[in-house]
Structures are given as C-alpha cells and as structure tokens.
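Each chain, written out:
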Amino acid sequence: MATVDTAPAEPHAPLVPPRSCEPPAQRPAPLAVPGQPTAAAPGPPAGATLIGSVQRAMRLLEAVAARAYGAPAKQLARETGLALPTTYHLLRTLVHEGYLYREKGLFFLGDAAARLASSGAQQKRRSSVADILAHWRDSIGVPVYYAMYRDGEIDVMCVSDSREAPAVEEWADFRETGHAHAIGQCLLSQLDEDARRDHLARYPAEPLTPYTVRDHGALLRRLARTRRMELMVERQEYTLGTVCAAVPITVGTTAATMAISLPAQRADRLLPAARRLQTEIGRHVGSLTLSISM
C-alpha cells in the first residue's frame, strides 16, 4: 500500500517516553576506584529487628483464611500458638481496620483483606498480559500497545517496545488526540454514535500533521464506514514518518485494542504484521478477556 514519505515535522511539545509495562532497569553497580573502598550495596542491617506484632497478625490472617466457615478466638490462638490475650488484642485491631469481621463469635476475612486479594489477582493478570505483549514484540518485531476506553477516556495500559523496535514518542497526549492515531480511531470505532460525539466534543479533532483528519464530520464518516472488528490503519496522521495499525477487541460494552507501529519506510510490513497480531490475539483471547475485565 502506497505511503508518502516526508521530512519529520517540528515537535509541538517536548517528547516524553511511552508508558511501559516493563519493569524498570536495574541501575549498574558503581565502578570501583583504585585506592578507594567499594561501597557495599544498600540492604537491611545485620540482625535487623522484625516487628513481632506484625508477624503475629499475619499468622492470624492466614489462620482465618484457611477457615472458610470462620473460627473462634480460642481456636485461632491454639492454631497460631499465641497467648489468648494477645490473640484477642490482635483480632480486635484487625476487625477495626477491616481485615477481619466478627459474626456470632466467629472471625472471617473482611473487605480490606478481600481488596488485597483482588489487587494481587489484578497484578498477576497485568503481568501475564505484559508477558504476552513482550512475546509478540519479539516474535513479530514491532512495538505492541494495549489500550482501553474507560470512563470516557483513551487509556494506554501497556507499551512493550525495545531498542530494535522502539515505540512512538507520545509528543501529544494520546488521550486528547484519539482522532489522529490508530489506537484512538480503533477505540472510537467500537463506540456508538453518541459516545463518539461526546468524546469529540471534549477532545476536538485538530490537525497534527498534513495527513490528520481535518474535522469531526470526516472522522465520523470514516468510523461509520469501518466494519465491526476491522483493522484500523493510520499513516502519518499522529506523527510524520510513522504508520500504525490497531486490532479491535470488544468484551461486552468494553472497548479495547492492541496496536503496532512501524517507520513509514517499512510501511509494506504494516498489514502483514497487523494480521499476524490479529491471529495471535485470537489464540490468547481468554487471557485478554480477563485483563479487559480487571
């Protein structure tokens, strides 16, 4: 598919690094200087004192979690090896903080403990999605983006790129420029007409490059022509020298997308890479559905 190659435009705002789902790189160890002692890596001091009351409270929480039908204080004291007065004191504290609740003399996990468990499950799902994106980045050889439309906003959840496959610099806020990039266009294409107009009323379509859609009407007509679950392709509309494609993922009423980008001089790879990504998404739709619902 033909593309127009032009010189890079002057940036409209300072470049900022893309949001990444990769863990931050570890800082390199300081170089040793001859004749000077090497500083030891920071860490806990030898013989650091542990907080016994915290340890005992954790043992109580674990004991309650193992009892689906609750347990009385005396039983919890026996199972944890704690003195009964200490057990009562810790249980009262945990109830006050919402980690436990008491009903008919039995103790159960409370809402605060449930929130911890839910947060842990969400982190695990996010880690799983990050691993999937990193695999696609390496196997397809392109940066991969994951975004959702939540609470009326375009939310780029994760970007997986590398030195060999760098992501697009977010020089203009992705949330405010959805009309100009494949991620935003793909998400807007999954919304109904009223939701699209509401978004564009808050974030008007403005030209970012000579190829950006010029007004709301033209964008709405383009979105109306897009078939359900069709790839969305954008060529140098967000930033000169870059082409992008986005794959729609709809779960119930939630709109999401996976997208890729390439330099314009490699535009011939865009559609084959996007179709390969679409096939890979189909193979992992279960994991992605879980992450979308988180």
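Residues numbered from 1 in each chain as written. Predicted model: local features only at pLDDT ≥ 70, side-chain atom pairs only at ≥ 80, totals over all residues. Heavy atoms only, no water.

K.L.:
Quick rundown of the overall build of the protein chain? Include the residues and the values.
P.N.:
Counting its regular elements, the protein chain contains nine helices and seven strands. Taking all 294 residues of the protein chain together, 40% fall into the buried category. In the protein chain, of all internal contacts separated by at least 6 residues, the share reaching a separation of at least 24 is 62%. With the model as given, the accessible surface of the protein chain reaches about 17,000 Å², and the carbon-plus-sulfur share is 55%. (Helix = DSSP H or I, 4+ residues; strand = E, 2+ residues; numbered from the N terminus. Buried < 20%, exposed > 50% of the residue type's maximum accessible area, 1.4 Å probe, protein only. Contact = heavy atoms within 4.5 Å. Areas by Shrake-Rupley, 256 points an atom, 1.4 Å probe, with all protein chains shown as cover.)

K.L.:
Let's hear about helix α8 (residues 270-283): which residues, and what values?
P.N.:
A rise of 1.5 Å per residue sets the reference length of α8, with its 14 residues, at 20 Å; its end C-alpha atoms lie 20 Å apart and thus fit the reference within 8%. Burial in α8 covers these residues: Leu-270, Leu-271, Ala-273, Ala-274, Leu-277, Glu-280 and Ile-281. (Expected span 1.5 Å × (residues − 1).)

K.L.:
Account for a nonpolar patch on the surface, naming residues and giving values.
P.N.:
A contiguous nonpolar surface patch, about 270 Å² in accessible area, is contributed by Ile-51, Val-54 and Met-58. Within the element layout of this structure, Val-54 appears in helix α1 (residues 52-65). For Val-54, a relative accessible area of 43% corresponds to the partly exposed category. (Patch = residues over 30% accessible without salt bridge, like charges linked within 9 Å, V, L, I, M, F, W, Y side chains within 5 Å. Salt bridge = Lys/Arg side-chain N within 4 Å of Asp/Glu carboxyl O.)

K.L.:
An account of the packing of helix α2 (residues 73-80) against helix α3 (residues 84-96) is needed here, citing residue identities and associated values.
P.N.:
The N-to-C vectors of α2 and α3 enclose an angle of 115°; their axes lie 9 Å apart at closest approach. Relative to α3, the element α2 lies roughly perpendicular. In this structure, α2 crosses over α3, and the sense of that crossing is right-handed. Residues Ala-73, Lys-74, Leu-76 and Ala-77 of α2 pack against Leu-84, Thr-87, Tyr-88 and Leu-91 of α3. When grouped by side-chain class, the residues that make up the contact of α2 with α3 number six nonpolar, one polar and one charged. (Axes fitted to C-alpha atoms, helices over the stretch in contact; angles between N-to-C directions. Parallel < 35°, antiparallel > 145°, perpendicular 65-115°, else oblique. Left-handed = near helix turned anticlockwise from the far one by under 90°. Nonpolar A, V, L, I, M, F, W, Y, C, P; charged D, E, K, R; others polar.)

K.L.:
Provide a residue-level description of the pattern of salt bridges, including the pertinent values.
P.N.:
Two side chains with opposite charge may pair up if their charged atoms get near one another. Counted under the stated rule, the structure contains nine salt bridges. Measuring nitrogen to oxygen at the nearest pair gives 2.7 Å for the salt bridge that ties Arg-175 to Asp-173. The partly exposed category is assigned to Asp-173, whose relative accessible area is 22%. Arg-197 serves as the salt-bridge partner of Glu-193, at 3.1 Å between the closest nitrogen and oxygen. Here the residue Glu-193 and the residue Arg-197 both occupy positions in helix α6 (residues 193-202), the gap between them amounting to four residues, near one helical turn. The class for Glu-193 is partly exposed, based on a relative accessible area of 34%. Under the relative-accessibility criterion, Arg-197 is labelled partly exposed at 48%.

K.L.:
Describe the side chain of Thr-209, listing the residues and the values that go with them.
P.N.:
Mapped onto the fold, Thr-209 is located in the loop between α6 and α7 (216-225). Other than its neighbours up to four places away in sequence, Thr-209 contacts Arg-214, Gln-236, Glu-237, Tyr-238, Thr-239 and Leu-240.

K.L.:
Which residues make up the environment of Glu-103, and what values do they have?
P.N.:
Within the secondary structure layout, Glu-103 lies in strand β1 (residues 100-103). Given the relative accessible area of 42%, Glu-103 is considered partly exposed. Between the C-alpha atoms of Glu-103 and Gly-70, which are 33 residues apart in sequence, the distance is 8.7 Å.

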